[in-house]
Structure formats: C-alpha cells, structure tokens
Amino acid sequence: MNDLTNPYLPGIDDDPALAPFAGRQAAFSQLHQYLKAPSSSVVLTLIGSARVGKTAFLRRFDFVFDETQVGVYIPLGQVHLSGEDDLIHALVRYTYGVLARWDITLSHLPVLPEQIGGLRDWLAEEWLPELWRVIRPHRRLVLLLDDAHVLLDALDAGRLPADIPAYLQGLMTRYPQLKIVTTLAAERETEIGTLAPLVRATDSLRLDWLSADETTWLLREPVRLFYALPDHSAREAYHATGGQPQLTQRCGYHLFRLWERDPAHTTLTPEDVKAVLPQVYAESEGELAALWEKSSDNERLVLAAMNTLFYADPLSSIDREIITSWLIETDYPLDSTAVNAALRSLEYREVVHIHPTGQITLTIGLLHRWLRENARLKAQRGRITPYSGGLSLSPRGLLYVALVALLAGLLLIFLLSSATVPEAVTPAPTATLVIGP
C-alpha cells in the first residue's frame, strides 16, 4: 500500500473533483428543479462558508446530470477581469473547451474575435444562436460561475460596467436554453443585491456542513474494502470535525494512513480516531483560526467564555444564562441581548450548535483546543479577561506596568547607592490581556 491508494485529499490545494463526495442530495434536487424550469431569467446561487464544498459541488455537475445539461465550469478567480470583454472571452473560451471534450463539432461556431470591444452584440446575435444549433434544442448550456465575489469586486472597482448583470439576465430571458449557477461566500451574502436583477436572494440555496450520517458515509464507504469504521468510531470523528468537509477529508486521510501501517487492523476504534486527531488539528489550525478571525468582538467573547466554562467543568451544561452570568463577572460584560445576538450569528455560521434543550456546544470539537491555546479567558487579580494570543494591554494594564517600572527604577537607584548590594529579584510586570483586533 502507498499514499496513491488513499482516496482522501486533505490539502486545500487538492482538486475537489477528485475527492470522495458525500451528501448534497437536497441541493442537487433543487438544482435539478431549476434546470428543468421552462424559463428562468435569474441565476441559482449557492451560498456557503469557506471550505464547505461549493467548488466541489459545481465540479460534481457532470457526475450528477446527463448529457442534456452541458455544464461549463468557470473559475472566476482565475479570470483576469479588466473589462466586460474579458468576461465574455472567458465564457466562450471555457465553453469551447467543454464542447471539444464532448467531441461536438465546433467548425460551425463563429471564431472568437481577437479585437476588444463590441463583444456584447457578437455574443448575443452571432455566437449563441449558432451554439444552439450545434448542441441541439434538447440540450441546455449551464454556466457554472465559481466565486461570484470576483464579479462583485470588479463591479465595485469599475472594471465591469454596472449594467453587466442586466445584460446577462437579458441573455437568459432571450435564450431559455441558457442557465447560470454561481457560488458566493457566506460573508458576502449581504452584497447579493449588487448583482440584481441577475441574482436574487430568493433564488439561492445554502450549503451547510455535512450531517452526522453524511460524515459517517464519507469516512466509511470509500474504504469499506480495506477496513471498517463502526458507528461509535464514526461518532468520535464527527464530534471532532463537526462535519466540516475539509476537516473530515483530513480525518479520513489520516485514518487510512493509520490502517496502512497495520493492514491486519481492519476495525478502527474510537481510540484510533483519537490517535489521528493531533495530526488533523495541526493541519487545520488555519481553518480554525479563520473561524475566530471572522467573528465579531462579541462573538469572540462568547466563544472564549464557552471554552473557559467547558474546561472548568467539561461535564456541565452551558446555556445562554450561564454565558451571560459568566461574562458579567469579567471586564467585558455583555447583556443577554448581546449574547443572544452573538449566539444567533455563531449558529448561522455553524460555529456553535444550540440544542432544543437550550444547551450550547461548539460544532467542531477540535475548536476547543484552538481556543484553549489562543483565546482563553484568563483570571487577572480576581477578574476574568479574554485574550487571543496577542499581547494587547488595557489602560489599567498599562497603569500596572508603569507603576511596576517606577518601583523597579527606585529600587535600582537604592541598590546602586548602597555600599553592599544585596541580591534582589525585580518583580515581573503584569499585564491585562484583551482580545486583539
């Protein structure tokens, strides 16, 4: 055995189309309904957090749909958009590539003009009408535009004209055989109106992290010929990763590596899962840190409070009231309204899970370790103040440091003027640590 047989792809630069894929049945069902609609002049938008699998979803298009749907994957992040002609060039160029792989004759299609300018009319009046004749009336052209934030940034910078969304919508209205699907990062969701009338919030679907059953399938099915992962072991993996697709891929990768070292060990236990989690954590610190960096100050306070409460008593139940009461005793008290708002936002981002009983837990078990190492609540002179790994002094902390420095200076003067210099240890300054920006 060697790494080439390992089906899981743990790296952020790995091709998601080649990695094992699980779930998304409901999302594909909604996409199927969108494609089957007789006419639609708006885009279907997939919204999700980073590494949730938006790109992988688009790249699975050809595996899910038959030849009546000509899917053209276009990574907008790799397209240099200095103007609208660059966008049109990209749409045509990537479509040519797909048609060539399908062995569809391209000789009847108009040649892509080399000149810059006037491509709007060429696309609408010459190229698309001829394309429909080439691919036949029973097929649709489905443009899969990955990373719509690239369009948002180009519009904001003036590199794309403000009416480009309306132009694309006009093409879809004029040619029902044209469909467009795009992806958008969850943090840019509030900007979706910038792409109106092409994109509407009502015509979107959200991709969430994998469920417990989907996680189990992903960690079990691709390797079922090599080893078994019982339910209790799968639950251990789900608790650690929370179903976050990238972390789940890494967990599967290292479980396979563990089995490779002892192929006779054909049933992996919860202890085996725990044994690979340090490696999974080490490779996932970037994703875990991003959850913190994308959080507001109030969300960070709530996360830090939850983490401290958990380590004070891992068996206790944490709810809104306990978090609020705890924070009231700190230098950063939040009232119940602020705590509830922070929890709602964290739940929407899938960082925490609020159970029907009111109990609140972190979705990703591995996040506990990251918070413990980087965002604890630390006692300071009977108070509790949060910090995020960086040294940031509060005004009171600066006063402490100044007083200690003054006392140290006076002591030094006294020692230098003394005939005999006694051994002394300068007291170490203390500092209050607060959440960094």
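The rules behind each value
- As a convention, each chain's residues are numbered from 1 in the sequence order in which they are written.
- For this predicted model, a pLDDT threshold of at least 70 governs which residues receive local features, and a threshold of 80 or more governs which side-chain atom pairs are given and counted, while totals over whole chains, interfaces and linings are taken from all residues.
- Side-chain numbers here rest on the full set of heavy atoms in the structure, without hydrogens or water.
- Secondary structure elements follow DSSP: runs of H or I no shorter than four residues count as helices, runs of E no shorter than two count as strands, and numbering proceeds from the N terminus.
- The classification of residues rests on relative accessible area computed with a 1.4 Å probe and restricted to protein chains. Under 20% of the type maximum is buried, over 50% is exposed, and intermediate values are partly exposed.
- By definition, residues are in contact when any of their heavy atoms lie within 4.5 Å.
- Using a 1.4 Å probe, the Shrake-Rupley method yields the accessible areas, and only the shown protein chains count as cover for residues.
- Each axis is a line fitted through C-alpha atoms, taken for helices only over the stretch in contact, and angles between the N-to-C directions span 0 to 180 degrees.
- The scheme is simple: roughly parallel for angles under 35 degrees, roughly antiparallel for over 145, roughly perpendicular for 65 to 115, oblique for anything else.
- By the definition used in this description, the sense in which the near helix is turned from the far one sets the handedness, with an anticlockwise turn below a right angle giving left-handed and a clockwise turn giving right-handed.
- Throughout this description, the term salt bridge denotes a Lys or Arg side-chain nitrogen within 4 Å of a carboxyl oxygen of Asp or Glu.
- Note: two strands are recorded as paired if DSSP finds a minimum of 2 bridges between them.
- For a helix, the expected span equals 1.5 Å multiplied by the number of residues minus one.
- In this description, one arc is meant: the one made by directions from the helix axis to the C-beta atoms.

J.: Looking at this structure, I do not really get the overall build of the protein chain. What am I missing?
T.: Counting its secondary structure elements, the protein chain contains 16 helices and nine strands. Out of the 437 residues in the protein chain, the part that is buried amounts to 49%. Look at the contacts in the protein chain between residues 6 or more apart in sequence, and 75% of them connect residues 24 or more apart. Carbon and sulfur atoms make up 56% of the accessible area of the protein chain, which totals about 21,400 Å².

J.: Teacher, can you tell me more about the packing of helix α10 (residues 245-261) against helix α11 (residues 270-293) here?
T.: Any two packed helices are characterised by how steeply their axes cross, that is the angle between the axes, and by the distance between the axes. Interaxial distance between α10 and α11 falls to 9 Å at its minimum, and their mutual angle equals 140 degrees. With respect to each other, α10 and α11 are oriented oblique. As for how α10 packs across α11, the hand of that crossing is right-handed. Judged by residue contacts, Q246, L247, R250, C251, H254, L255 and L258 of α10 engage D272, V273, V276, Q279, V280, E283, S284, E287 and L288 from α11.

J.: I would appreciate a short explanation of the pattern of salt bridges in the present structure.
T.: Side chains bearing opposite charge may pair, as long as their charged atoms lie close to each other. One pass over the full model with this rule turns up 17 salt bridges. Between D153 and R188 there is a salt bridge, with its nearest N and O atoms 2.8 Å apart. Within this pair, whereas D153 is found in helix α6 (residues 149-156), its partner R188 is found in the loop between β4 (178-185) and β5 (199-206), the two being separated by 35 residues in sequence. Judged by relative accessible area, R188 falls into the buried class, the value being 17%. Across the salt bridge formed by E293 and R300, the nearest N and O atoms sit 3.7 Å from each other. Judged by relative accessible area, R300 falls into the buried class, the value being 3%.

J.: Whenever I open this one, the sheet that holds β4 confuses me. Can you help?
T.: The strands that make up a sheet are held in pairs by hydrogen bonds between backbone atoms, and each pair lies either parallel or antiparallel. In space, the five strands of this open sheet follow the order β2-β3-β4-β1-β5, with parallel pairing throughout. With partners counted over all chains shown, the strands left at the sheet margins are β2 (69-75) and β5, one partner each. On average, each strand axis in the sheet is tilted by 25 degrees relative to the strand beside it, whichever way the strands run. Pairing between strand β1 (residues 43-48) and β4: five bridges, direction parallel. Note that in β4 the partner of L46 across the bridge is T183. With respect to the sheet, helix α1 (residues 25-36) is in contact with β1, β2, β3 (140-146), β4 and β5, its orientation differing from that of β4 by roughly 145 degrees.

J.: Which parts of the structure should I look at to understand unusual backbone geometry?
T.: Leaving glycine aside, a negative phi is the common case for residues, and trans is the common case for peptide bonds. Following A196, the chain continues into P197 via a peptide bond in cis, with omega recorded as 5 degrees. Topologically, P197 is positioned in the loop between β4 and β5. Even without glycine at this site, R24 takes up a positive phi of about 70 degrees. Following the sequence through the fold, R24 ends up in the segment before α1. Judged by relative accessible area, which is 10%, R24 ranks as buried. Positive phi outside glycine occurs at D147, with the angle close to 70 degrees. Tracing the backbone shows D147 in the loop between β3 and α6.

J.: What is the right way to look at α1 in this model?
T.: Note on helix geometry: an α-helix contains 3.6 residues per turn, so any two residues three or four positions apart are oriented the same way. End to end, α1 covers 16 Å across twelve residues, agreeing with the expected 16 Å (1.5 Å per residue, within 8%). Where α1 is concerned, the buried positions are A27, F28, L31, Y34 and L35. Here the buried residues of α1 occupy an arc of 115 degrees about the axis, which is enough to place them on one side. In α1, those exposed residues whose orientation departs by more than 90 degrees from the buried face are Q25, A26 and Q33.

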